[in-house]
Amino acid sequence: MQSSVQTTPGLGKILMLVLARDLRLAVRHWDQVLQPLIFFVIVTTLFPLAISPALDELRKISPGVLWVAAMLASLLALESLFRPDVEDGTMEQWVLSGQPLSLLLLAKTATHWLLTGLPLVLMAPIVGTALGMPQSVWPVLAATLALGTGSLSVLGAIGAALTVSVRRGSVLLALLVLPLEMPVLIFGARAVDLAMQGEPVAGPLNLLVALLLFFVSLGPFAMAAAMRISVES
Amino acid sequence: MWLWFHKLSSPPYAYRTAGLVRPWLFWPAILLMIVGAIGGLVLAPEDYQQKDAFRIIYVHVPSASLSLMIYVVMAVAAAVGVIWRIKLAHAVAAACAPVGAWFTVATLATGSIYGKPMWGTWWEWDPRLTSELILLFLYLGYMALRASFDDTQRADRASAILAIVGVVNVPIVKYSVVWWNSLHQGPSISKLAAPSIEGSMLWPLLIMMLAFILYFGAVLCDRLRGEILRRERNASWLSESLARS
Amino acid sequence: MNLRDVLDMGDYGVYVWSCYGLVLAVLVLNVWLGRRSLAEQVLSAQRRLKIADSLNSESSSSS
């Protein structure tokens, strides 16, 4: 009798399974998914309190404030990217499985972005309005954050893979990842600022696209190499 | 020649060679520094615009160049260590880090002091100082990651990945910082540009650069030997070498 | 160029000399740190060898 059942599913199927599994887990722990987003709003609120309630003054710094808050929120969210899987042994299975680890980790990172980066993109215009940001800037804001948070997720994932086995490694993660993310911050925040001044934004926007493509294509290899080191005992 | 290179990657040989080479790097470096300092402080004519303050470049510029150069050396060594699995390369990378970080600190401090009489402020967010600051963060992150692993091998390989990611990002950082700065200054006045340099001002700078490079080589020899010892746990060559030294 | 000129550096003396002094301090520090780290490692390696030796001689004398 001929069996046409494949014993191991193809790579595409596996990536889909990874995506589905992470989404399912996220739905089950939706409160954990929410926390970085709440953090984003709280951090943004700190600035009017610290500086001034005057919308005129806040408007000037609003792109920077939103971007820094997004960076910090994405940093916090990285805690839940790899750690649970490493702790329960799933990651070890993945490393040993013989499947391309870089693609598996990229899939996880992409799902993570859907759960943390994308909501930030959607929330930013509302929070930005609270800081006096004009509606006309929303498209640029959304575009830069969408592209930027993608890069932040990839860079963050590399840092997370490096520090996942380090005890209390969250501050170390921030120290490693934030300097690498500075170019993304520069192009993203300044692009929104330029938009507010009515200047063309094609330059920084293209650079954000280039950075995202660059990081997405090379980042997973660094992630996989780092994960292998972290997971081996 | 290739055979010598292969020999060099063996720890006992490298240990011995570094020990022998060190004085040949160190003393010429000191000599060149004295010559360069005298040249820069006394012999070079004063600058038209910046007067005598420009003499700071003779220590600021070599520090800056070395801080970047060492990072690249560190990253290349780390990459060699990870790709070809040469323990010695990892030892080189580990040895580079603290020295490079200190040069970055020196660059920032001298840059800041240079700025006070030139711009009137102790700090300016100009491209060169800002990217030097980010470079310091990269160094500190590298050293912090190393320190967080107890096992030297894992520390080596993890920090190697970070160094490679870092060095790839250095041009990106530099470009982004220059762009960021250009948005604010209309005419590009490079704030920390060395004054237009002519021959009689240039030679002390070149001498100081060479001096700093030789100095780095000497310090690297010491640190490298320490790193080699740390990695060679119970190798038999140790007892002979240590008895001799 | 007399000594006074060299020290004053045309009113910029404080800046120039503090820079040179600072860099000199960093250079001296790094030599010292490099030497010290080597010495520490030599000591630590010697200690390890001593322990290994004593363990070896124990096992060989008891065998």
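Along each chain, residues carry numbers from 1 onward, in the same order as the chain's sequence is written. Think of it this way: whatever chain is written first is A, whatever ligand is written first is 1, and the rest follow in order. pLDDT decides what is reported in this predicted model: residues at 70 or higher carry local features, side-chain atom pairs at 80 or more are listed and counted, and totals for whole chains, interfaces and linings draw on all residues regardless.

Peer 1: I tried to follow the overall build of chain C on my own but got confused; where do I start?
Peer 2: The secondary structure listing takes helices from DSSP runs of H or I that are at least 4 residues long and strands from runs of E that are at least 2 residues long, numbered from the N terminus. For chain C, the helix and strand inventory stands at two helices and zero strands. With C-alpha atoms as the basis for the radius of gyration, the globule rule is written as 2.2 Å multiplied by the number of residues raised to the power 0.38. For 63 residues, the compact-globule estimate of 2.2 N^0.38 gives 11 Å, and chain C exceeds it by more than 25% at 26 Å. C-alpha extents for chain C along the principal axes are approximately 80 × 15 × 10 Å. Residues with at least 20 neighbouring C-beta atoms inside 10 Å of their own are called buried, those with 12 or fewer are called exposed, and the rest are partly exposed, where every C-beta is derived from the backbone. Considering chain C as a whole, with its 63 residues, one finds that 17% of them fall into the buried category.

Peer 1: What is the right way to read helix H1 (residues 11–28) of chain A from this model?
Peer 2: Residues three or four positions apart in an α-helix share a direction because the helix packs 3.6 residues into each turn. Residues and elements named next belong to chain A. To estimate how far a helix should extend, the number of its residues minus one is multiplied by 1.5 Å. Taking 1.5 Å per residue as the helical rise, H1 with its 18 residues ought to reach 26 Å, and the 26 Å between its terminal C-alpha atoms agrees with that figure. Listed in full, the buried residues belonging to H1 are Leu15, Val18 and Asp22. Buried residues in H1, looked at end-on, bunch into an arc of 55 degrees, giving them a common side. Away from the buried face of H1 by more than 90 degrees, exposed residues Gly12, Lys13, Ala20, Arg24, Val27 and Arg28 are located. In this description, the arc belongs to the directions extending from the helix axis to the C-beta atoms.

Peer 1: Honestly, the interface of chain B and chain C in this entry has me stumped. Any pointers?
Peer 2: Bring the parts together and some accessible area is lost; that lost area is often taken as the interface size. Two residues qualify as being in contact provided that their C-beta atoms, derived from the backbone, are within 7 Å of each other. Counting residues at the interface gives 35 residues for chain B, matched by 29 residues for chain C. Broken down by secondary-structure element, the contributors of at least two residues to the side of chain B that touches chain C are helix H2 (11–43), helix H3 (57–83), helix H4 (87–119), helix H7 (199–231) and helix H8 (237–244) of chain B. It is H4(B) that contributes the most residues to the side of chain B that touches chain C, 11 residues altogether. Residues belonging to the side of chain B that touches chain C are distributed by class as follows: 19 nonpolar, seven polar and nine charged. Residues are grouped as follows: nonpolar covers Ala, Val, Leu, Ile, Met, Phe, Trp, Tyr, Cys and Pro; charged covers Asp, Glu, Lys and Arg; every other residue, Gly included, is treated as polar.

Peer 1: Whenever I open this one, unusual backbone geometry confuses me. Can you help?
Peer 2: The phi torsion at Arg168(A) lies on the positive side, around 50 degrees, for a residue other than glycine. For Arg85(B), which is not glycine, the phi dihedral falls at a positive 55 degrees. Relative to the helices and strands, Arg85(B) is located in the loop between H3 and H4. Accessibility expressed as a C-beta count within 10 Å gives 10 for Arg85(B), which makes it exposed.

Peer 1: Whenever I open this one, the nonpolar core confuses me. Can you help?
Peer 2: Soluble, globular proteins show a tendency: their nonpolar side chains are buried together. Joined through C-beta atoms within 7 Å, a set of buried Ala, Val, Leu, Ile, Met, Phe, Trp, Tyr and Cys residues constitutes a nonpolar core. Within the largest apolar cluster, 155 residues are counted, with the highest numbers of intra-cluster contacts made by Ile158(A), Ala161(A), Ala226(A), Met74(B), Ala93(B), Cys96(B) and Ile161(B). With 17 residues, H4(B) is the largest single contributor of residues to this core. Apart from the residues lying within four places of it in its own chain, the contact partners of Ala93(B) are Met74(B), Ala77(B), Ala78(B), Gly81(B), Ala160(B) and Ala163(B).

Peer 1: Can you walk me through helix H2 (residues 30–50) of chain A in this structure?
Peer 2: Residue and element names in this part refer to chain A. Between the first and last C-alpha of H2 there are 31 Å, a value that for 21 residues agrees with the 30 Å anticipated at 1.5 Å per step. Along H2, the residues classified as buried are Pro36, Phe40 and Thr44. For H2, the secondary structure elements touched by its buried residues are helix H3 (55–77) and helix H6 (101–130).

Peer 1: Could you clarify how one ought to interpret the packing of H2(A) against H3(A) in this entry?
Peer 2: Angle between the axes and distance between the axes are the two parameters that describe a pair of packed helices. Residue and element names in this part refer to chain A. Think of each axis as a best-fit line through the C-alpha atoms, taken over the contacting stretch in the case of a helix, with angles from 0 to 180 degrees between the N-to-C directions. At a minimum axis separation of 9 Å, H2 and H3 run at an interaxial angle of 145 degrees. Regarding H2 and H3, the two cross each other, and that crossing is right-handed. Between H2 and H3, the contacting residues are Pro36, Leu37, Phe39, Phe40, Val43, Thr44, Phe47 and Pro48 on the first element and Leu58, Ile61, Val65, Leu66, Ala69, Ala70, Leu72, Ala73, Leu76 and Ala77 on the second. Of the residues that constitute the contact of H2 with H3, the class distribution is 17 nonpolar, one polar and no charged. The handedness criterion is simple: a crossing whose near helix is rotated anticlockwise from the far helix by less than a right angle is left-handed, and one whose near helix is rotated clockwise is right-handed.

Peer 1: Explain the confidence of the model for chain C to me, please; I cannot follow it from the model alone.
Peer 2: Reading predicted coordinates in detail is not appropriate for stretches of low pLDDT. Mean pLDDT over chain C works out to 85, with 92% of the residues at or above the 70 mark. On the interface metric, ipTM, the complex scores 0.90, and its pTM is 0.91. The predictor rates its confidence in each residue with pLDDT, a number between 0 and 100.

Peer 1: Is there a simple way to think about the interface of chain B and chain A in this case?
Peer 2: In this complex, chain B contributes 20 residues to the contact, which on the side of chain A involves 18 residues. The set of elements that each furnish at least two residues to the side of chain B that touches chain A consists of helix H5 (127–147) and helix H6 (152–182) of chain B. Of all the elements, H6(B) adds the most residues to the side of chain B that touches chain A, at 11 residues. Looking at the side of chain B that touches chain A residue by residue, the class counts come to 14 nonpolar, four polar and two charged.

Peer 1: Help me understand the arrangement of the chains in this model?
Peer 2: Considering every one of the two pairs of chains in contact, the largest contact total is recorded for chains B and C. The two units chain A and chain C remain apart, with a minimum C-alpha distance of 24 Å.

Peer 1: Which parts of the structure should I look at to understand the environment of Arg55(B)?
Peer 2: Along the polypeptide, Arg55(B) turns up in the loop between H2 and H3. Its 29 C-beta neighbours within 10 Å are what place Arg55(B) among the buried residues. Considering only alpha carbons, one finds Arg55(B) and Met143(B), 88 residues apart in sequence, at a separation of 33 Å. Excluding residues that lie within four positions of it along the chain, Arg55(B) makes contacts with Gly40(B), Leu41(B), Met9(C) and Val16(C).

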